Amino acid sequence: MTAPAEQDLLALDRAAQDLLFRAARTANTFTDEPVTDAQVAAIHDLIRYGPTAYNGQPLRVLLLRSPESRARLLPYVSSSNRPKTATAPLVAVLAADVDFHERLPELYPHRPQARDWLSDRPARAEQARFSATLQIGYLLVGVRAAGLAAGPMAGFDAAGVTREFFPDGRHEALLLLNLGHPGPDAWERRLPRLSTEEVVWTL
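A brief report on the enclosed structure follows. Owing to the predicted nature of the structure, the values given are computational and were not obtained by experimental measurement.

What counts and what doesn't
- Residues numbered from 1 in each chain as written.
- Predicted model: local features only at pLDDT ≥ 70, side-chain atom pairs only at ≥ 80, totals over all residues.
- Heavy atoms only, no water.
- Helix = DSSP H or I, 4+ residues; strand = E, 2+ residues; numbered from the N terminus.
- Contact = heavy atoms within 4.5 Å.
- Axes fitted to C-alpha atoms, helices over the stretch in contact; angles between N-to-C directions.
- Parallel < 35°, antiparallel > 145°, perpendicular 65-115°, else oblique.
- Left-handed = near helix turned anticlockwise from the far one by under 90°.
- Nonpolar A, V, L, I, M, F, W, Y, C, P; charged D, E, K, R; others polar.
- Pairing = 2+ DSSP bridges.
- Salt bridge = Lys/Arg side-chain N within 4 Å of Asp/Glu carboxyl O.
- Buried < 20%, exposed > 50% of the residue type's maximum accessible area, 1.4 Å probe, protein only.
- Phe/Tyr/Trp six-rings, centres within 6.5 Å; stacked < 30°, edge-to-face > 60°.

## Observations regarding the side chain of Ser-69
Piece 1. Position of Ser-69 among the secondary structure elements: in helix α3 (residues 67-73).
Piece 2. Once you skip the residues sitting within four places of it in the chain, Ser-69 turns out to touch Leu-64 and Phe-165.

Structure below.
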């Protein structure tokens, strides 16, 4: 009996698999074509169903469109990431809402006491960062589903960005994300990936 082809074991068709995963790359250059608010809303509407602890959904997305907001960001970005961040059609600051627990009576209504479980701020902040990071993974796939390219970057002063854009102390910057349509020479060489045998084992 012939073993099924890899793509036959997945519900997505081959084109969708390639769009979201195999052909998707981190973009380093972008065209001038804008990323619209409607596209951003469509992406969020798709990815908001991803799992988070207590259904807390702590990810917050700050879009930097104006030249003034971009100028405020660039001093905190590493020198290698600064040129592409300065020219990307849209830059998003991805942050965790440390006080996400305030929405739990609405978002986790079957456990009214959940808000009180998270009264300790350091523990709550750790939970916020963890769940927001899960949401960021979904967001990257959602960007690809919209036919856009994403350039996630950790090369920045997160504490400085948090002070600059979130002075209320409620949000913590986690990642910067350049968005747009890929430009010339947008991709670097594909780096190796680990095999299933190197990643997965069974007890």
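## Focus: the environment of Trp-187
Piece 1. Its location among the elements puts Trp-187 in the loop between β4 (171-180) and α9 (196-199).
Piece 2. Sequence spacing of Trp-187 and Gly-151 is 36 residues, and the spatial spacing of their C-alpha atoms is 10 Å.
Piece 3. Apart from residues lying up to four places away in sequence, Trp-187 is in contact with Arg-25, Thr-26, Ala-27, Ala-149 and Pro-182.

## Side note on the packing of helix α1 (residues 14-22) against helix α7 (residues 121-145)
Piece 1. Where α1 meets α7, the closest approach of the two axes is 9 Å, and the angle between their N-to-C directions is 130°. In terms of their interaxial angle, α1 and α7 are classed as oblique. Relative to α7, the crossing made by α1 is right-handed. Residues Leu-19, Leu-20 and Phe-21 of α1 form the contact with α7, whose participating residues are Val-141, Arg-144 and Ala-145.
Piece 2. The residue inventory of the contact of α1 with α7, partitioned by class, reads five nonpolar, no polar and one charged.

## Section: the sheet that holds β4
Piece 1. Spatially, the four strands line up as an open sheet ordered β1-β2-β4-β3, and their pairing is antiparallel. On the outer flanks of this sheet lie β1 (59-64) and β3 (149-153), each paired with one strand and no other. Neighbouring strand axes in the sheet, compared pairwise and without regard to direction, differ in orientation by 30° on average.
Piece 2. When strand β2 (residues 90-97) meets β4, the two strands line up antiparallel, connected through eight bridges. Its bridge partner lying in β4, Leu-90 is registered against Leu-179.

## Describing the pattern of salt bridges
Where side chains of opposite charge bring their charged atoms close, a pairing between them can arise.
Piece 1. Evaluation of the coordinates by the stated rule reveals 11 salt bridges.
Piece 2. In this structure, Arg-124 engages Asp-99 in a salt bridge whose closest nitrogen and oxygen atoms are separated by 2.8 Å. Of this pair, Arg-124 sits in helix α7 while Asp-99 is found in the loop between β2 and α5 (104-107), placing the two residues 25 residues apart along the sequence. The same class applies to Arg-124 and to Asp-99, which are both buried.
Piece 3. Among the charged side chains, a salt-bridge network with shared partners connects Arg-60, Asp-97, Glu-102 and Arg-170.

## Description of the packing of aromatic side chains
Ring pairs (aromatic) are described by centroid distance and by the angle formed between their planes.
Piece 1. In this structure the tally under the stated criterion is two aromatic pairs.
Piece 2. When the ring of Tyr-54 is compared with that of Tyr-108, the centres are 5.7 Å apart and the planes differ by 85°; the resulting orientation is edge-to-face. In this pair, Tyr-54 is assigned in the loop between α2 (37-47) and β1 and Tyr-108 in the loop between α5 and α6 (114-117), connecting sequence segments 54 residues apart.
Piece 3. The interplanar angle of 55° and the centroid separation of 6.0 Å between the aromatic rings of Tyr-54 and Trp-117 together place this pair among those described as tilted. Taken as a pair, Tyr-54 in the loop between α2 and β1 and Trp-117 in helix α6 lie far apart in primary sequence, 63 residues in all.
Piece 4. For Trp-117, a relative accessible area of 45% puts it in the partly exposed group.
Piece 5. Through successive ring pairs, a cluster of aromatic residues spans Tyr-54, Tyr-108 and Trp-117.

## Regarding the environment of Leu-20
Piece 1. Within the element layout of this structure, Leu-20 appears in helix α1.
Piece 2. Since its relative accessible area comes to 14%, Leu-20 is described here as buried.
Piece 3. Placed 121 residues apart in sequence, Leu-20 and Val-141 show a C-alpha to C-alpha distance of 5.9 Å.
Piece 4. Here Leu-20 is in contact with Leu-12, Val-141, Arg-144 and Ala-145, once residues within four sequence places are set aside.

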